[in-house]
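These are the residues of each chain, in order.
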Amino acid sequence: MLAPYCESESAEPIVQQLGLRGLELWQQFDPTLEVRGTLVLASQRDKAELDRYARMTEGHEPLYGPAIPHLEPLLGERFQYGLYFPDEAHMAPRNAIDRLIGALRSLNVDLRFSSPVPEPLWLAASAGGLVIDCRGLGARSGKIALRGVRGEMAVVYAPALTLTRPIRFLHPRFPIYIVPWGRGLYMIGATMIESESHASVTIRSTLELMTSACRIHPWFLDARVTELSIGVRPAFDDNIPKIGIEGKVISVNGAYRHGFLLAPALAEIVADHLEHGLGLPKELVLRDTYE
Ligand SMILES: Cc1cc2nc3c(=O)[nH]c(=O)nc-3n(C[C@H](O)[C@H](O)[C@H](O)COP(=O)(O)OP(=O)(O)OC[C@H]3O[C@@H](n4cnc5c(N)ncnc54)[C@H](O)[C@@H]3O)c2cc1C
């Protein structure tokens, strides 16, 4: 999801600010990017959650009754109230990565996969190069104090469902979202667990994700599970990404739950620094990175 407004429900203002720029840059990179907005829903019982979400965010309009099936006909009259964030976008992330790789190859960039970078980084830089270190948790050191936040997700195949935009379902204990990835696939995500375990998805998380998905629409009961997987998000203690500059080694890290959204904006800040000597936004400065 490229959702700068929705994410600001639990993020600092800089995340929305960078996210809006990130979204703009994704659109420039890929004019076919789906900008169909985000639909935020809650059951009648949890209407207070929706009111709270509306207070915490910008960029939305309220939806009542028939306005919801007007956007997503499949939902019919299942929900009475919602919020619509019309300017947000979504994409199937693996396709997006493939497109980025294609774009880099067409610029003759030498890409190497499964190749650990040589340590120490400053040695590589001292040979005349510039190192931009984006190793996520792999970059952790005494100075780069990252933690991991585990996220579990499911991908299901449900060709009968015709949802066209991300749906966030608010719930006091089990909030989830569903993102259409195209060709009948839906990503259901994601847990937020303070853990760096790469162990496989638990039954508890599977049940939470699947049960909430079926509350959005019971046809998810007949969906085929094609994937259950996990990722560990790199995060600093304030959940704001940081850029550290030590001579010719630049660290960009801590994108937390916004890596796809923020990456283009973070890259632009680094490029502006290198090409035009521009300073970094103060919230993003990581000091004493590689001393
Ligand atoms: C379930 C889930 C759903 C998410 N949904 C969204 C979303 O909708 N929108 C969004 O914007 N973000 C989303 N995120 C967050 C996003 O995925 C992360 O913010 C992002 O992955 C962070 O990117 P990164 O490149 O900084 O770090 P990582 O993704 O951790 O990548 C670091 C890379 O460095 C490599 N590496 C580490 N050490 C070395 C080494 N020594 N040598 C070479 N390579 C090394 C690793 O193998 C890895 O490939 C989601 C995350 C999860 C887990």
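Residues numbered from 1 in each chain as written. Predicted model: local features only at pLDDT ≥ 70, side-chain atom pairs only at ≥ 80, totals over all residues. Heavy atoms only, no water.

A. Representation of the site of the ligand within the structure. Residues in contact with the ligand amount to 21 residues; listed here are only the nearest, Met1, Tyr256, Gly259, Phe260 and Leu261. A distance of 3.2 Å separates a nitrogen atom of the ligand from a polar backbone atom of arginine 257. Residue glycine 259 places a main-chain N or O atom 2.8 Å away from an oxygen atom belonging to the ligand. In the complex, the protein chains occlude 64% of the 1,000 Å² of accessible area that the ligand would expose alone. Looking at the shell around the ligand, the elements with two or more residues in it are strand E9 (224–235) and helix H8 (259–276). Looking at which domains feed residues into the shell around the ligand, each of domain 1 (38–86 + 147–235) and domain 2 (118–146 + 238–286) gives three or more. (Near = heavy atom within 4 Å. Polar contact = N/O pair within 3.5 Å; in protein donor to acceptor, adjacent residues only side chain to side chain. Areas by Shrake-Rupley, 256 points an atom, 1.4 Å probe, with all protein chains shown as cover. Helix = DSSP H or I, 4+ residues; strand = E, 2+ residues; numbered from the N terminus. Domains from an automatic or database assignment.)

B. Summary view of the sheet that holds strand E3 (residues 81–85). Here eight strands make up an open sheet; going across it, the order is E2-E3-E1-E6-E7-E8-E5-E9 and the pairing mixed. Across the chains shown, the open sheet's two edge strands, defined by having one partner strand only, are strand E2 (61–64) and E9. Mean inter-strand twist for the sheet, computed between neighbouring axes without regard to direction, equals 25 degrees. Sheet contacts for helix H7 (residues 203–216): strand E5 (147–157), strand E6 (167–170), strand E7 (176–182), strand E8 (185–189) and E9; angle to E7, the most-contacted strand, approximately 75 degrees. (Pairing = 2+ DSSP bridges. Axes fitted to C-alpha atoms, helices over the stretch in contact; angles between N-to-C directions. Contact = heavy atoms within 4.5 Å.)

C. Representation of unusual backbone geometry. The amide bond that connects glycine 189 to the next residue, alanine 190, takes the cis arrangement and shows omega of -20 degrees. If you trace the backbone, alanine 190 turns up in the loop between E8 and H7. One non-glycine residue, arginine 183, lies in positive phi territory at about 50 degrees. In this structure, arginine 183 sits in the loop between E7 and E8. At asparagine 239, a position not held by glycine, the phi torsion is positive, near 60 degrees. For asparagine 239, the position within the fold is in the loop between E9 and strand E10 (242–246).

D. Looking closely at the sheet that holds strand E4 (residues 131–133). Read across the open sheet, the four strands follow the order E4-E11-E10-E12; overall the sheet is mixed. Strands with a single pairing partner mark the edges of an open sheet, and in this sheet they are E4 and strand E12 (285–286). Of the strand pairs in this sheet, E10 and strand E11 (residues 249–253) are connected by five bridges, and their pairing is antiparallel. By the bridge assignment for E11, isoleucine 243 is matched with valine 252.

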